[in-house]
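Below, each chain spelled out in residue letters.
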Amino acid sequence: MYLPPHDPHVDDPMRFKPLFRIHLMERKSATVECMYGHKGPHNGHIQIVKKDEFSTKCNQTDHHRMSGGRQEEFRTWLREEWGRTLEDIFHEHMQELILMKFIYTSQYDNCLTYRRIYLPPSSPDDLIKPGLFKGTYGSHGLEIVMLSFHGKKAKGTKITGDPNIPAGQQTVEIDLAHPLQLPDVENLRDFSELSRIVLEVQEQVRREEQEQEQRQEEEDDSHTACPPAVKSLEGEGAEEEETAAGAEGSTPNKAPASQPFVLPMGVISRNEDYPRTCRICFYGTGLIAGHGFTSPERTPGVFVLFDDDRFGFIWLELKSFSLYSRIKVSFQNAEAPSREAFDEMLKNIQSLAT
């Protein structure tokens, strides 16, 4: 198991923790040992469910328990997971979220199902190399997000989740067709100025979507009324639309010159050590929800590209900032066999979350 570094140090390396091991004895014979807990390896079981999926089960879950009971287990988990003690965490809401996470994860320590995850395919036109990133999520701590590119959109999909937004959900979506021109640093400190810029772009995006829907309806109506004439018109219109979309949605191949960057006053950041220059910003949306993924909604925000390995997202409604740093672990056999296979995997992990 690869664990993120302790919150909020996104640039630190991932931590490695063995969960099980297999001893190959002879042809078609093996023993399995569970490595979970603090009492050493013990008897386990592995079952191949189907292609790219298997399950592990611990046969001696008493090895996961501690003599001090749940309280000792929680304190040990807190030190390992967060690198601190309960006394270090003064915020009551954060204590509540951490406890929820402990209760949830410890329920499934004896039986786990594993499914293959492909790394996103890359293209020379991508803004940066896609891949896995560690990101700060307020009181939830650090979470793992997969950044992938899909034409004029970039998507950040949660690989690990929290009590509000589970793994598999699309945490951020970046609209590469709508770059943002940030004000100078002094004006950027004014949250209302940034908010005005972002909401203007949000309204522009909404109008463009409505116009596109209206054009589509008109094309469908005219196609129904007069199929032969529309065929040539459709060809023309489609070509024009594609050209316009291509021009609008083209992303710069060359990295733009750096510009000064600072968070607006009132925007909360777990990590104050964020870069003070950025390359480019885009309009985007972030997914927020209540506990248990209740009342989910996409809200406006700003995607900030710092360099090839770091980006940020300003959640406008939450007045919060997430900083993401690339995971540089080299995973073997993780490339997707095709673009279609990767897209199918994304759909599958999202359907599991819902």
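All values derive from a computational prediction rather than experimental measurement.

Right, let's talk about helix α2 (residues 92-106) for a bit. Residue pairs three or four apart in sequence face the same way in an α-helix, which turns once every 3.6 residues. For α2, built from 15 residues, the straight-helix expectation of 21 Å at 1.5 Å per residue is met to within 8% by its first-to-last C-alpha distance of 21 Å. Packing partners of the buried residues in α2 comprise α1 (69-82).

Between α1 and α2, whose axes approach to 11 Å, the crossing angle comes to 105°. As the angle between them shows, α1 and α2 are arranged roughly perpendicular. Counting all contacts with α1, which are made through R70, E73, F74, W77, L78, E81 and W82, the residues of α2 involved are M94, I98, L99, K101, F102, T105 and S106. Residues that form the contact of α1 with α2 fall into these classes: 8 nonpolar, 2 polar and 4 charged.

Here the focus is the pattern of salt bridges. By the definition in use, this model includes 24 salt bridges. Across the salt bridge formed by K50 and E53, the nearest N and O atoms sit 3.9 Å from each other. On the basis of relative accessible area, E53 is assigned to the buried category, the value being 12%. Across the pair R116 and D52 runs a salt bridge whose closest N-O atoms are separated by 2.7 Å. In this pair, R116 is assigned in the loop between β7 (111-115) and β8 (131-136) and D52 in the loop between β5 (42-50) and β6 (53-58), connecting sequence segments 64 residues apart. On the basis of relative accessible area, R116 is assigned to the partly exposed category, the value being 40%. What emerges from the salt-bridge pattern is a single network uniting D11, D307 and R310.

Residues L180, F261, V302, I314 and F321 are the most contacted members of the largest nonpolar core, which totals 26 residues. At the level of elements, α4 (191-225), β15 (280-290), β16 (294-307) and β18 (320-326) are the ones that each hand at least two residues to this core. Of all the elements, α4 adds the most residues to this core, at 6 residues. Beyond its immediate chain neighbours, meaning those up to four positions away, I314 contacts L194, F261, L263, P264, V267, P300, G301, V302, S320 and F321.

A few words on the pairing of β18. For β18, a buried count of 7 out of 7 residues is recorded, marking the element as mostly surrounded by other parts of the structure. Of the two faces of β18, the one holding S320, S322, Y324 and R326 and the one holding F321, L323 and S325 are both buried throughout. Sheet topology places β8 next to β18; 3 bridges connect them, and they run antiparallel. For F133, the partnering residue across the bridge sits in β18 and is R326. Inspection of the sheet shows strand β13 (residues 268-269) paired to β18 by 2 bridges, in the parallel sense. Looking at β18, one finds that I268 is bridged to S320. Of the pairings in the sheet, the one linking strand β17 (residues 310-315) to β18 comprises 6 bridges and is antiparallel in character. Across the sheet, residue G312 finds its bridge partner in β18, namely L323. Count of turn residues in the β17/β18 antiparallel hairpin: 4 residues, of which K319 carries a positive phi of about 50°.

Here we come to α1. With 14 residues, α1 should cover 20 Å at 1.5 Å per step; its first-to-last C-alpha distance of 20 Å lies within 8% of that length. When we look at burial in α1, the residues that qualify are E73, F74, T76, W77, L78 and W82. In this structure, the buried residues of α1 make contact with α2. Phi for G83, located one or two positions after α1, is positive at around 70°.

Parameters and conventions
Residues numbered from 1 in each chain as written. Predicted model: local features only at pLDDT ≥ 70, side-chain atom pairs only at ≥ 80, totals over all residues. Heavy atoms only, no water. Helix = DSSP H or I, 4+ residues; strand = E, 2+ residues; numbered from the N terminus. Expected span 1.5 Å × (residues − 1). Contact = heavy atoms within 4.5 Å. Axes fitted to C-alpha atoms, helices over the stretch in contact; angles between N-to-C directions. Parallel < 35°, antiparallel > 145°, perpendicular 65-115°, else oblique. Nonpolar A, V, L, I, M, F, W, Y, C, P; charged D, E, K, R; others polar. Salt bridge = Lys/Arg side-chain N within 4 Å of Asp/Glu carboxyl O. Buried < 20%, exposed > 50% of the residue type's maximum accessible area, 1.4 Å probe, protein only. Core = buried A, V, L, I, M, F, W, Y, C linked by side-chain atoms within 4.5 Å. Pairing = 2+ DSSP bridges.

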